[in-house]
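Residue strings, one per chain:
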Amino acid sequence: MEFSKYHGLGNDFVLVDNRHQVEPVISPEMAVQWCDRHFGIGADGVIFALPGQGGTDYTMRIYNSDGSEPEMCGNGIRCMAKFLETLETADGKAPQAPHTYRIHTLAGLISPTLQPDGQVTVDMGPPYLLAREIPTTLAAAEDKVVAVPLTVAGQTWDVTCVSMGNPHCITFVEDVAAIALESIGPQFEHHEVFPQRINTEFIQVVRPDYLKMRVWERGAGVTLACGTGACASLVAGVLNGVCDRAATVELPGGPLYIEWSAADNRVYMTGPAELAFRGTRA
Ligand SMILES: N[C@@H](CCC[C@H](N)C(=O)O)C(=O)O
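Quick caveat, the model's predicted, so the values are computed rather than measured.

Chemist: Help me get a handle on the side chain of Thr 270, residues and values and all.
Modeler: You can see Thr 270 is positioned in strand S17 (residues 267–271). The exposure class of Thr 270 is buried, given its relative accessible area of 19%. Among the polar contacts made by the side chain of Thr 270, one reaches the side chain of Thr 121 at a distance of 2.9 Å.

Chemist: Go over the packing of aromatic side chains, please, and point to the residues and values.
Modeler: Overall, the coordinates contain eight aromatic pairs when judged by the stated rule. An aromatic cluster is built from Phe 3, Trp 34 and Phe 277, whose rings are joined through pairwise contacts. In this structure, Arg 245 is placed above the aromatic ring of Trp 260, and the distance from its NZ or CZ to the ring centre is 4.3 Å.

Chemist: Which residues make up the UniProt feature "active site" (unreviewed entry) in the protein, and what values do they have?
Modeler: Under the present numbering, the feature "active site" (unreviewed entry) in UniProt falls on Cys 73 and Cys 226. Across 154 residues in sequence, these annotated residues keep their C-alpha atoms within 7.7 Å of one another, forming a single compact spot. Lining the largest cavity, from the residues just named, are Cys 73 and Cys 226. If you trace the backbone, Cys 73 turns up in the loop between strand S4 (58–64) and helix H2 (74–90). In this view, Cys 73 contacts Phe 13, Met 60, Ile 62 and Thr 228; residues no more than four positions away in its chain are not counted. Secondary-structure assignment places Cys 226 in the loop between strand S14 (221–222) and helix H4 (227–239). Judged by its relative accessible area of 4%, Cys 226 is buried.

Chemist: Can you lay out the layout of surface pockets for me, pointing to particular residues and giving the numbers?
Modeler: Considered as a void within the structure, the largest pocket measures approximately 150 Å³ in volume. Forming the walls of the largest pocket are Glu 2, Phe 3, Ser 4, Tyr 6, Leu 15, Val 16, Asp 17, Phe 83, Thr 86, Leu 87, Ala 90 and Arg 278. Of all the secondary structure elements, the ones that give two or more residues to the lining of the largest pocket are strand S1 (2–8), strand S2 (11–17) and H2.

So, how was this worked out
Residues numbered from 1 in each chain as written. Predicted model: local features only at pLDDT ≥ 70, side-chain atom pairs only at ≥ 80, totals over all residues. Heavy atoms only, no water. Helix = DSSP H or I, 4+ residues; strand = E, 2+ residues; numbered from the N terminus. Buried < 20%, exposed > 50% of the residue type's maximum accessible area, 1.4 Å probe, protein only. Polar contact = N/O pair within 3.5 Å; in protein donor to acceptor, adjacent residues only side chain to side chain. Phe/Tyr/Trp six-rings, centres within 6.5 Å; stacked < 30°, edge-to-face > 60°. Lys NZ or Arg CZ within 6 Å of the ring centre and 35° of its normal. UniProt positions renumbered as here; feature names shortened; annotations may be inferred. 1 Å grid on protein atoms, 1.4 Å probe; cavity = no way out; pocket = protein on both sides within 12 Å on 5 of 7 lines; lining within 4 Å. Contact = heavy atoms within 4.5 Å. Points joined across faces, edges and corners; volume = space filled by probe spheres on them.

What follows is the structure in structure tokens.
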């Protein structure tokens, strides 16, 4: 089976041309094998470019490296836009930048735009802020979860929860480098207050327009970048009054530019996506 390996700031994915059928061509169990960095191709997830639904151009589905299926992936959808550009070019229908794709995801319609400079800007839709939308039991169902105390590993953290279609728990800290992500991350991910598990971001506010972030991803562990996490963190920063509505979010793999528009309440993410290599998997 042919595949392409892409990454967005080191958050890496195996991309599969699945345009001929509506179900992913490999199972979640096979995705776990493909993602294995010693015995497989090595990736944070496997992404399938499927036929569109409900008037969209394409559908994106993704399996995390543990085989679970998240609703959305910000770095992944930038990679998918680049992958589609290559597939369409091979079909003799090369899109001219700026070009916007309408992509159906489990988080609804998401629209990435290929920019003339090679970057991809994604209309990530509105953030979801109510406890029932995250979901979490940290607050009453119709309340927002902003700077709510949560005890993890014997320490109390003031957390803010935001869904970008997938769930995120954000904590603002003095120094992101001091966080023991490998040990604390899994304890957030599997905490009983998060019935669908959670992605966990630690944020250091360098300036109101410049945030540093480290992430523990649900189903993937420590990754070099998380697009939905950067969007959720910017929204959390605004809700806590510690950052501007537009900011650069510096991740271990590099920077993303994020804006939460006051005009339309939607979050916009701009960043790179690169082909690493193509291959064939038996
Ligand atoms: N790395 C992604 C998010 C992938 C899904 C996440 N692990 C989850 O389970 O929600 C991104 O760039 O957004």
